[in-house]
Amino acid sequence: MSHTLGIRQAQKQKTRQALLDAALELLEEQSLSSLGLREVTRAVGVAPTAFYRHFRSTADLGVALVEEALSSLHPTIRTIVATTGDSDERITDAVELIRRHVRAHPAHVRFIAREQHGGVQPVREAIRSQLTLFTEEVKAELAKDRASGGWSDDDLLMLAGLYVDQMLVTASLFLEALGAEEEQQRVALVANRRLRLISRGRAHWQD
């Protein structure tokens, strides 16, 4: 019996992932608010009623896509704001990490960029919640740095927000420049300069 249940659970998970993958592909050309569940189920080859075994609505599917798209970024975020090593080298490595992530997950990056201010409220809230979590993680990493001595929680949170915002902007610019190597290099250069400006400003914030 347990073996049969295991097979059923695996099949259910496979179908759920297929629905997520199909939705993500369809969303490359449209917003979530215009996506119909019949489009998704047709792409997977299952009956529309099967959709509701996995998601309550397309908004619920969108929230699951947010979790899928952003959960893998947590290790990258921690690496980007690591406090060891030369500051300029860390910034260069951070920008390259963002570029590699965009190249590996363009559909996820496009989905987040489009839906962050899109028309589906639960998805906007899910993205906001994840970004708040990222900001708190960055703040916790920054607090470990000796350069943060004497900083208030509010100031550290503000600085963390600047880093997270710049990471998102950089990811969006890399996405727009996919396939254009010269433009990618320009985006990397600008991102490096912006992050260095934040870093320099941090060094003198308490002067």
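Position numbers for residues count from 1 along each chain, tracking the sequence in the order it is written. For a predicted model such as this one, the threshold for reporting local features is a pLDDT of at least 70, and the threshold for listing and counting side-chain atom pairs is 80 or more; totals across whole chains, interfaces and linings nevertheless cover every residue. In computing side-chain values, all of the structure's heavy atoms are included and hydrogens and water are not.

What is the right way to look at the overall build of the chain in this model?
Going along the chain from the N terminus, every DSSP run of H or I of four or more residues is numbered as a helix, and every run of E of two or more is numbered as a strand. Along the backbone of the chain there are 10 helices and zero strands. Helices and strands in the chain line up, N terminus first, as α-α-α-α-α-α-α-α-α-α. In terms of overall dimensions, the chain has a C-alpha envelope of 65 × 40 × 30 Å along the principal axes. The buried label applies to any residue whose accessible area, calculated with a 1.4 Å probe on protein chains only, is under 20% of its type's maximum; exposed applies above 50%, and partly exposed to all values in between. A total of 207 residues make up the chain; the buried ones form 42% of that total. Contacts are residue-level and defined by heavy atoms, with any inter-residue pair within 4.5 Å sufficient. The long-range share in the chain, meaning contacts at least 24 apart out of those at least 6 apart in sequence, stands at 67%. Surface accessibility follows the Shrake-Rupley procedure with a 1.4 Å probe radius. Residue values consider only the protein chains on display as shielding. In the form shown here, the chain has an accessible surface area of approximately 11,700 Å², with 52% of it arising from carbon and sulfur atoms. All tallies of charge rest on Lys and Arg as positive and Asp and Glu as negative; His and the ends of each chain are not included. For charged residues, the charge sits on one atom: NZ in Lys, CZ in Arg, CG in Asp, CD in Glu. Here the chain carries 26 positive and 28 negative side-chain charges, and the mean point of each set is 5 Å from the other.

For this particular structure, what's the right way to read the confidence of the model for the chain?
Keep in mind that low pLDDT regions are not for reading the predicted coordinates in detail. Confidence of the predictor in every single residue is expressed as pLDDT, which spans 0 to 100. For the chain, mean pLDDT is 89; residues scoring 70 or higher make up 93% of the total. Helix α5 (residues 73–80) is the least confidently modelled element of the chain, averaging 70 in pLDDT, while helix α2 (residues 37–44) averages 95, the highest of any element.

How should I be thinking about the packing of aromatic side chains in this particular structure?
By convention here, two paired aromatic rings are described through the distance between centres and the angle between planes. Stacked, tilted and edge-to-face pairs are distinguished by plane angle, under 30 degrees for stacked and over 60 for edge-to-face with tilted covering the rest, among Phe, Tyr and Trp rings (Trp via its six-membered ring) whose centres lie within 6.5 Å. For the coordinates displayed, the defined rule picks out two aromatic pairs. Between F51 and Y52, the ring centres sit 5.6 Å apart and the planes meet at 80 degrees, which makes this aromatic pair edge-to-face. F51 gets classed as buried once you look at its relative accessible area, which sits at 0%.

What am I meant to see in the packing of helix α4 (residues 58–71) against helix α8 (residues 121–143) here?
Helix-helix packing is described using two parameters, namely the angle between the two axes and the distance between the axes. What counts as an axis is a line fitted to C-alpha atoms, over the stretch in contact for a helix, and the angles between N-to-C directions run from 0 to 180 degrees. Where α4 meets α8, the axes come as close as 8 Å, and the angle between the chain directions of the two elements is 20 degrees. As the angle between them shows, α4 and α8 are arranged roughly parallel. Handedness of the crossing formed by α4 with α8: right-handed. Counting all contacts with α4, which are made through A59, G62, V63, V66 and L70, the residues of α8 involved are P122, V123, A126, I127, Q130 and F134. Classifying every residue of the contact of α4 with α8 gives nine nonpolar, two polar and no charged. Reported orientations rely on four angle classes, namely roughly parallel under 35 degrees, roughly antiparallel over 145, roughly perpendicular from 65 to 115, and oblique for the rest. Handedness of a helix crossing follows the sense of rotation of the near helix relative to the far helix, less than a right angle counterclockwise being left-handed and clockwise being right-handed. Classification convention: Asp, Glu, Lys, Arg as charged; Ala, Val, Leu, Ile, Met, Phe, Trp, Tyr, Cys, Pro as nonpolar; all other residues, Gly among them, as polar.

For this particular structure, what's the right way to read the pattern of salt bridges?
By convention in these notes, a salt bridge is any Lys or Arg side-chain nitrogen within 4 Å of a carboxyl oxygen on Asp or Glu. A full pass over the atoms with the stated rule returns 11 salt bridges. With its nearest N and O atoms 3.2 Å apart, the salt bridge here joins R99 to E96. With a gap of three residues between them, R99 and E96 both fall in helix α6 (residues 87–104), about one helical turn apart. One salt bridge in this structure joins R99 and E181, with 3.7 Å as the shortest N-O distance. Here the residue R99 occupies a position in helix α6, and E181 occupies one in helix α10 (residues 181–203), the gap between them amounting to 82 residues.

Got a minute to help me understand the environment of G201 in this structure?
Structurally, G201 can be placed in helix α10. Accessibility expressed as a relative area gives 38% for G201, which makes it partly exposed.

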